Amino acid sequence: MDFLEEHEIPIVISVFSVSIVAFLLFSKKPKGCIDPDKYRDFKLVKRTQLSHNVAKFRFALPTSSSVLGLPIGQHIICRGTDSQGQEITKPYTPTTLDTDAGYFELVIKMYPQGRMSHHFREMKEGDYLSVKGPKGEFKYRPGDARAFGMLAGGSGITPMFQVARAILEDESDKTKLDLIYANVTVDDILLKEELDTLATKYYGRFKVYYVLEQPPEGWAGGVGFISKEMIEEHLPEPAFDIKILRCGPPAMNKAMAGHLEALGYEPRAQFQF
């Protein structure tokens, strides 16, 4: 009995210590595969053509459990060569999250005169892409806002999609999201199937309103450019716990800044990717 009493405390401490070590080992967030200062190469394992000028590129990470290590709303810098053989770099936002272990994906719209577009157009499965990151000023924590209003144009949808997925797939995050997404034609809408799936799955938390410059016959969405009236109708009204995100071509970003100012959204409540 004296022996048990003498060794009881060390045994308890030992078991407690092992439990703490095990908790730290298994709860520790996996280390990311990218470096903000050095380029690293990732192999293209699958290329899926989505339209005549849009493709989805899947790149493998070192192991099936590896994660890219990209914070919500931030981007990577991709390096390639243009049609003249000159080095070119450009930022892109993956459509995948760190919950998608073992790979990351980029949805790329390739423009005829785009220098980086040339590099992606020429990429074949088995080729490697040089990437560094994370980069970007956007930082998100659950509870930062009661709701986000989102304004996107063209390929500017990718950071919005990434942020939306991260928020909606987190069961503890109750933030609401309203998106207005503008394009020229219906064929230009990137990630439409994925966006519609999110809107259906997370009904009441995520809404998307499409705007087209050249709509097809019978189009039920917005027509022309995103207007002040569309923002008033489809985005949350200005409030201390509301934030607005925007990403699109320069002319669109400038126009949206003017609309938002006129509607009373304070600069501190806005973020441009």
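Refer to the structure presented above.
Residues numbered from 1 in each chain as written. Predicted model: local features only at pLDDT ≥ 70, side-chain atom pairs only at ≥ 80, totals over all residues. Heavy atoms only, no water.

## Here's the deal with the packing of aromatic side chains
Thinking step 1. Under the defined criterion, the tally for this structure stands at nine aromatic pairs.
Thinking step 2. Judged by centre distance (5.3 Å) and plane angle (50 degrees), the rings of Phe138 and Phe273 are tilted. Within this pair, whereas Phe138 is found in the loop between β6 (128-135) and β7 (147-153), its partner Phe273 is found in the segment after β12 (270-272), the two being separated by 135 residues in sequence.
Thinking step 3. Following the ring pairs from residue to residue traces out a cluster consisting of Phe42, Phe59 and Phe104.
Thinking step 4. Directly above the aromatic system of Tyr103 lies the positively charged group of Arg58, at a separation of 3.8 Å from the ring centroid.
Thinking step 5. Over the ring of Tyr39 we find Arg79, and its NZ or CZ is 4.1 Å from the ring centre. (Phe/Tyr/Trp six-rings, centres within 6.5 Å; stacked < 30°, edge-to-face > 60°. Helix = DSSP H or I, 4+ residues; strand = E, 2+ residues; numbered from the N terminus. Lys NZ or Arg CZ within 6 Å of the ring centre and 35° of its normal.)

## Remarks on the pattern of salt bridges
Thinking step 1. As enumerated under the stated definition, the model contains 12 salt bridges in all.
Thinking step 2. In this structure, Arg165 and Glu169 form a salt bridge, with 2.8 Å as the shortest nitrogen-oxygen distance.
Thinking step 3. A relative accessible area of 12% places Arg165 in the buried class. (Salt bridge = Lys/Arg side-chain N within 4 Å of Asp/Glu carboxyl O. Buried < 20%, exposed > 50% of the residue type's maximum accessible area, 1.4 Å probe, protein only.)

## Some points on helix α2 (residues 115-122)
Thinking step 1. Among the residues of α2, Met116, Ser117, His119 and Phe120 are the ones counted as buried. For α2, the buried positions fall inside an angular range of 155 degrees around the axis, keeping them on one side.
Thinking step 2. Where α2 is buried, its residues meet β1 (40-51), β2 (54-60), β3 (75-81), β4 (87-92), β5 (103-109) and β6. (Arc of directions from axis to C-beta. Contact = heavy atoms within 4.5 Å.)

## Comments concerning helix α3 (residues 157-168)
Thinking step 1. Over its 12 residues, α3 runs 16 Å from end to end, which matches the ideal 16 Å to within 8%, given 1.5 Å per residue.
Thinking step 2. Of all 12 residues in α3, 12 are buried, a share of seventy percent or more.
Thinking step 3. When α3 is considered as a whole, its buried residues turn out to be Ile157, Thr158, Pro159, Met160, Phe161, Gln162, Val163, Ala164, Arg165, Ala166, Ile167 and Leu168.
Thinking step 4. Turning to α3, the residues buried within the fold contact β5, β7, β8 (176-183), α4 (192-201), β9 (206-212) and β11 (242-247). (Expected span 1.5 Å × (residues − 1).)

## Topic: the sheet that holds β11
Thinking step 1. If you walk across this open sheet you meet the six strands as β10-β9-β8-β7-β11-β12, and the pairing is parallel. Edge strands, defined here as strands with exactly one partner in the open sheet, are β10 (222-223) and β12.
Thinking step 2. In the sheet, β9 pairs with β10 via two bridges, with the strands oriented parallel. Paired with Leu212 across the bridge in β10 is Val223.
Thinking step 3. Of the strands in this sheet, β7, β8, β9 and β11 are in contact with α3, which crosses β7 at around 155 degrees.
Thinking step 4. Across the sheet, helix α6 (residues 250-263) is in contact with β7, β11 and β12; its angle to β11 comes to roughly 160 degrees. (Pairing = 2+ DSSP bridges. Axes fitted to C-alpha atoms, helices over the stretch in contact; angles between N-to-C directions.)

## As for the sheet that holds β2
Thinking step 1. Strands sit in the order β4-β3-β6-β1-β2-β5 across an open sheet of six strands; the sheet is antiparallel. Taken across any chain shown, the strands that pair with only one partner, and hence form the sheet edges, are β4 and β5. Taking each pair of neighbouring strands and ignoring which way they run, the sheet shows an average axis angle of 35 degrees.
Thinking step 2. One ladder, built from four bridges, connects β1 with β6; its direction is antiparallel. Residue pairing across strands places Arg40 opposite Val131, the latter belonging to β6.
Thinking step 3. Sitting on the sheet, α2 is in contact with β1, β2, β3, β4, β5 and β6, with an inclination near 80 degrees to β3.

By themselves, these figures tell us nothing about what the structure is for.
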